[in-house]
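# Results of the structural survey
As a plain string of letters, each chain reads:
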Amino acid sequence: MTALLAVERLCHRFGAAKVLNNVALGVEAGSYTVLLGPSGSGKTTLLSILGGFLQPSSGLVTIRGVDCTALPPARRPTATVFQDYALFPHMSVGSNVGFGLRMKGIGRSVRVKQARDMLAVVGLAEAFDKKPHELSGGQRQRVALARALVVEPAVLLLDEPLGALDLKLRRQMQDELKSIQRKVGTAFVHVTHDQEEAMALADHVVVMNHGRIEDQGPPERVYGRPATRFTATFMGESTLIPGHVSGEGRVETPLGHFPATGLAAGTPVRLAIRPEHVRLSSTPDAIAAVVTDVVYQGSFKRVTLAPAAAPEIAVVARLPAESNFRPGQPILVEFVPAGIVILKD
Amino acid sequence: MVRAVAVVYAGAIYAFIFLPVLVLVLFSFQGTLFPIPPFNGPSLRWYEAVLNDPRLTSALGNSFVVAVTTSGLATLLGFLAAWGLARFELPGGVLLRGLITLPLTVSYLIIGMGLLVFFNALGVPKSLIAAGVGHVVINLPLCFAIVYSQMGEHQANIERAARDLGAAEWQVLALVTAPMLWPALFASFFLSMTFSWDEFVISFLLTRFDTTLPVEIWNLLRAGLNPKTNAVGSMVFGISIVLAIVFELTAFRRRPQ
Amino acid sequence: MSLSAVRAGWASITPALAWTLLFFVAPFLVMAVISLHPQEAGGFSAANYTQFFANPSYWRALTNSLEVTLLVTAVSIVLAYPFAWILATLVPERWQRLALMLAVLPFWTSYVVRSYSWLLVLAEKGIVNDTLIRLGLLAEPAQIANTRLATIIGFSHFFVMLLTLTIYANLKQLSPNYRKAAADLGAGPVRAFLHVVLPLTLPGIMVGAFLTFVLAIGDYITPQILGGNNELLMPQLIMMQIGRRGDFPLASALSIILMVVVSIAYVACARWLKIERA
């Protein structure tokens, strides 16, 4: 089956800087894709190329099997929600939403009806006659969404759509975005640097760094079994422990040995362990450590440990809120076997 | 296609903008008596004539003194008024603001006429000082508007912090507010200076024998086309450009982004 | 607010206020009073004002002024807007500052000299006539200097520079996303400009137009040097009263009429001209 939107061998340069390096990506119909990465990772450049605002240096963008690489924004079946919303300040909300239909030459009465309907979908039916500056940030964001959706794009592109909102509103709009997406069934491609937002929204998360795709897949898989060191530390927190594969199908590390399969002996690797996979232990091969820092987080305590065998490795553990550790105290921990991820160095 | 039209259009506008300046400067080097084609030169005789004309050189000095003193005064008064109106809620504040900026909307000619009639009624003789008074009238609202527009709320908090640490009002003003608004103050002073330097009609109405450069150039001009006018005009242009470059390099480079 | 703070506030605005009252408001009032004491008739009467509306040559100066000023404003906007647009959108970002500084370089010539330079260009034996005759396009020199056309050219030269600055600033202030959003929603470049960019830059155009109007209608030098005395504009009429005839009352009355005209323009544009604090 071919994807609704496909990107192949995409490269882009700004002068000498390579901003995108051999990117390949597929977006399925009706899916919610999130491009996640730090600033400078190339995610916004990729979105601009999908929207037609930038011509890639090389590579191919197809939508519904049609080559769109060189098509201008107006002629491709995408619509963009801009980070600053770019609502036209001199037009009413209704005229903003109807703008795309007007450009298509659709008559006034049809336009008004469709604009009203789409405003109702985003929950802003009453704002039709208002001016953008009379609306709150969250409302403007919904108008921008309605304006882009009303032209029925095959793919909706969202550039950090929640970036301008405060945290509480962001979480609320996040839920709303997801429900609107389910209602209209359009494929959404959403750029963010907020990994919580990515996990909450995505069917398919794409982790980017330095112009490359580090990892992509369902968020559960990307979080649970990250493919690279970058993914393990950027999407959620992980402790990385250096080691190498020894002959007997296991990994030797300063903190002991752990099972590993399918890797040639001598390969240098790193173990990635999520804080929730570090637990208190009393078994004989438990790891002895000293508590260096305790931060109370409400439902749990984030505890940093210095293992006796390798104090330079800061192991981060998520321990029960009622546990009662203080810095300087000795502690015994172990790693949950199922939570150990082995990454090639 | 669009590019080609744009290049032609922009070229035409640049030509329109530069044509008179180029002609002015070119014929300041004219070797003969009239600044019209054909060009005979280059010659520096007209520059020599300007520098040997005591009326022009003294007018140049007058213009400089008037520009510096009136701009300093206008900036000081404008700054104090902006601070008073931005920081304290005075009764009738909106009205006072309107009153102080009112001269911005009145032609220089009318301001000059008013002062001429006023000084005449009071028996005050024409002088450079009378013209200077007029220059402060035109530049004060400008300085006020520039400084006022730059007085934000976060600066009010910094002033509060200074007061909290024991500074008296005049210390707040001199040690905190003025340094913080340095770019705005510098811009006010510089803009006022260029306006005063270039002002004609007020000086024309309010001075008699000892006068400013634009009025002296005007007197020269009444004798008809003369390469000496080209020379003095080119010199003023050169000085102004040097000052503008200095301004560009100091005020705008240091302003935080 | 404490009493001492109120006192500090008043103390800081008093000098500016006093200066404005003494050297702007008071002269204006004196001028108003004097305008009501006609030099010839004597006593207290509105003769100077009635004379203005009765005497066609005075009245003509005002209509000339309005015609020239409105024409200059329109011509300058029409010439400057495309130029500012080219600078803001087609010139590469890192050259824009230089291009703009070049475009306003002649600002730095003295204002009296600027008009004089145009006289050099447009004079009977000036460079324009000289070139046109050499090219065989003209048999004998055209009369350009000392006409209304020369006044309009001289004014437009200055105001094209001024408006280029204000319109350029306005265009740069617009988020590029407005244009992108319009394109994304199917608007071609022309419709994106008409529906989005132009309406959003209208306030800047209005500010520039008002500045042009106020500065041009009160200017004496440009019409005096370039237009000559063939037709009088208001400032020339005013200066004539004090120069030749020493008629301060009539000059005062004419100044007040000119000021009323400017005030009407100000009220018409007031909504665009607010001073905002950062």
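The structure displayed is predicted, hence computed values, not measured ones.

### As for the overall build of chain A
Looking only at helices and strands, chain A features eight helices and 20 strands. Taking the principal axes of the C-alpha coordinates as reference, chain A spans close to 80 × 45 × 35 Å. Across the 345 residues of chain A, 51% fall into the buried class. Put simply, 63% of the contacts in chain A that link residues at least 6 apart link residues at least 24 apart. Carbon and sulfur atoms provide 53% of the accessible area of chain A, an area that totals close to 15,300 Å². Taken as two groups, the 37 positive and 31 negative side-chain charges of chain A have centres that lie 7 Å from each other.

### Here's the deal with the sheet that holds strand S8 (residues 187-192) of chain A
Consider a sheet: its strands pair through backbone hydrogen bonds, and that pairing is either parallel or antiparallel. All names here are of chain A. Read across the sheet, six strands follow the order S6-S7-S8-S3-S9-S10 without closing on themselves; strand pairing throughout is mixed. Strand pairing shows two members of the sheet lacking a second neighbour, strand S6 (78-81) and strand S10 (212-217), which therefore form its edges. Within the sheet, the average angular offset between the axes of one strand and its neighbour, ignoring direction, is 20°. Both strand S3 (residues 32-36) and strand S9 (residues 204-209) contribute to a ladder of four bridges, which runs parallel. Bridge pairing in S9 places Leu36 opposite Val207. Along the sheet, helix H4 (residues 137-149) contacts S6, strand S7 (155-159) and S8; its crossing angle with S6, the most-contacted strand, is approximately 170°.

### Concerning helix H12 (residues 248-269) of chain C
Residues and elements named next belong to chain C. With 22 residues, H12 extends 31 Å from end C-alpha to end C-alpha; this agrees with the ideal 32 Å at 1.5 Å per step. Taken across its 22 residues, H12 has 16 buried, putting it largely inside the fold. The N-cap residue of H12 is Asp247: its side-chain oxygen and the backbone nitrogen of Leu250 are 3.1 Å apart.

### Notes on a nonpolar patch on the surface
All names here are of chain B. On the surface, a cluster of nonpolar side chains totalling about 210 Å² of accessible area is made up of Leu60, Ile239 and Leu243. In this structure, Leu243 sits in helix H12 (residues 227-254). Residue classification places Leu243 among the partly exposed residues on the basis of a relative accessible area of 36%.

### What to know about the sheet that holds strand S19 (residues 330-335) of chain A
Residues and elements named next belong to chain A. Read across the sheet, five strands follow the order S15-S19-S16-S17-S18 without closing on themselves; strand pairing throughout is antiparallel. Looking at strand neighbours, the two that pair on one side only are strand S15 (278-280) and strand S18 (315-320), the edges of this open sheet. Strand-to-strand twist of the sheet, defined as the mean angle between neighbouring strand axes without regard to direction, takes the value 50°. As judged from the seven bridges shared by strand S16 (residues 287-296) and strand S17 (residues 300-307), these two strands associate in the antiparallel manner. From the neighbouring strand, Val291 faces S17, where its bridge partner is Leu305.

### Notes on the interface of chain A and chain C
Taken together, the 21 residues of chain A in the interface contact 16 residues of chain C. A buried area of about 1,700 Å², summed over both sides, lies between chain A and chain C, and 67% of it is on carbon and sulfur atoms. Here chain A is connected to chain C by seven residue pairs in polar contact (both at pLDDT 80 or more). Among the secondary structure elements, those contributing two or more residues to the side of chain A that touches chain C are S6 and helix H2 (93-103) of chain A. Considering each element in turn, the side of chain A that touches chain C owes the most residues, four residues, to H2 of chain A. Here the side of chain A that touches chain C is built from residues that sort into 13 nonpolar, five polar and three charged.

### With respect to the packing of aromatic side chains
Aromatic ring pairs are defined here through the distance separating the ring centres and the angle between the ring planes. This model, assessed by the stated rule, comprises 26 aromatic pairs over all chains. Summarising the aromatic geometry, the rings of Phe144 of chain B and Tyr148 of chain B are spaced 5.4 Å apart at their centres and angled 20° between planes, so their arrangement reads as stacked. Taken together, the residues span about one helical turn, with Phe144 of chain B and Tyr148 of chain B both in helix H6 (residues 128-149) at a distance of four residues. Every member of this aromatic cluster is reached through a ring pair, and the members are Phe118 and Phe119 of chain B together with Trp19 and Phe23 of chain C. If you follow Arg147 of chain A out to its NZ or CZ, it ends over the ring of Phe88 of chain A, 4.7 Å from the centre. Here the guanidinium or amino end of Lys180 of chain C rests over the ring plane of Phe53 of chain A, the centre of that ring lying 5.6 Å away.

### Regarding the interface of chain B and chain C
Each side of the interface is counted separately: chain B has 87 residues, and chain C has 82 residues. Taking both partners together, chain B and chain C bury about 7,500 Å²; carbon and sulfur atoms supply 82% of that area. On the chain B side of the contact with chain C, Phe16, Ile17 and Ile110 of chain B bury the most area, a combined 8% of that side's loss. There are zero salt bridges connecting chain B and chain C. Where chain B touches chain C, the interface holds 10 residue pairs in polar contact (both at pLDDT 80 or more). By residue number, the principal contributor to the side of chain B that touches chain C is helix H1 (residues 2-28) of chain B, which donates 16 residues.

### Quick word on the nonpolar core
Within the largest apolar cluster, 204 residues are counted, with the highest numbers of intra-cluster contacts made by Phe99, Leu145 and Leu156 of chain A, Met113, Phe200 and Leu206 of chain B together with Met234 of chain C. With 13 residues, the single largest contributor to this core is H12 of chain C. Once residues within four sequence positions are removed from consideration, Leu156 of chain A is found in contact with Ala79, Val81, Leu145, Ala148, Leu149, Thr186, Ala187, Phe188 and Val189 of chain A. Ala260, Val291, Ile313 and Phe335 of chain A belong to the second-largest nonpolar core, a separate cluster that totals 25 residues.

### A few points about the pattern of salt bridges
Residues and elements named next belong to chain A. Using the criterion set out here, one finds 21 salt bridges over all chains in the structure. For Arg170, the salt bridge identified is with Asp194, shortest N-O distance 3.5 Å. With Arg170 in helix H5 (residues 167-184) and Asp194 in the loop between S8 and helix H6 (195-201), this pair connects stretches of sequence that are 24 residues apart. Residue Arg170 is classed as buried on the basis of its relative accessible area, which comes to 19%. When its relative accessible area of 12% is taken as the criterion, Asp194 is described as buried. Notably, a salt bridge pairs Glu252 with Arg250, separated by 3.5 Å at the nearest N-O pair. When its relative accessible area of 26% is taken as the criterion, Arg250 is described as partly exposed. One network of salt bridges, with partners in common, ties together Arg170, Arg171, Asp194 and Glu196.

### Quick word on the domain arrangement of chain A
Residues and elements named next belong to chain A. Here chain A is described as being made up of domain 1 (5-232) and domain 2 (237-344). The gap between the C-alpha centroids of domain 1 and domain 2 is 39 Å. On the domain 2 side, the residues contacting the 10 residues of domain 1 number 11 residues. Summing both sides of the interface, domain 1 and domain 2 together bury roughly 820 Å²; the carbon and sulfur share of this comes to 47%. Summed over the three residues of domain 1 that lose the most area to domain 2, namely Tyr223, Arg229 and Ala232, the buried surface amounts to 65% of that side. Taken together, the links from domain 1 to domain 2 amount to zero salt bridges. Summed over the shared surface of domain 1 and domain 2, the result is six residue pairs in polar contact (both at pLDDT 80 or more). Those elements giving two or more residues to the side of domain 1 that touches domain 2 turn out to be helix H7 (219-224) and helix H8 (229-234).

Cut-offs used in this document
- Residues numbered from 1 in each chain as written.
- Chains lettered and ligands numbered in written order.
- Predicted model: local features only at pLDDT ≥ 70, side-chain atom pairs only at ≥ 80, totals over all residues.
- Heavy atoms only, no water.
- Helix = DSSP H or I, 4+ residues; strand = E, 2+ residues; numbered from the N terminus.
- Buried < 20%, exposed > 50% of the residue type's maximum accessible area, 1.4 Å probe, protein only.
- Contact = heavy atoms within 4.5 Å.
- Areas by Shrake-Rupley, 256 points an atom, 1.4 Å probe, with all protein chains shown as cover.
- Lys, Arg positive; Asp, Glu negative; His and termini not counted.
- Charge placed at Lys NZ, Arg CZ, Asp CG, Glu CD.
- Pairing = 2+ DSSP bridges.
- Axes fitted to C-alpha atoms, helices over the stretch in contact; angles between N-to-C directions.
- Expected span 1.5 Å × (residues − 1).
- Polar contact = N/O pair within 3.5 Å; in protein donor to acceptor, adjacent residues only side chain to side chain.
- Patch = residues over 30% accessible without salt bridge, like charges linked within 9 Å, V, L, I, M, F, W, Y side chains within 5 Å.
- Salt bridge = Lys/Arg side-chain N within 4 Å of Asp/Glu carboxyl O.
- Buried area = accessible area lost by both parts, 1.4 Å probe.
- Nonpolar A, V, L, I, M, F, W, Y, C, P; charged D, E, K, R; others polar.
- Phe/Tyr/Trp six-rings, centres within 6.5 Å; stacked < 30°, edge-to-face > 60°.
- Lys NZ or Arg CZ within 6 Å of the ring centre and 35° of its normal.
- Core = buried A, V, L, I, M, F, W, Y, C linked by side-chain atoms within 4.5 Å.
- Domains from an automatic or database assignment.

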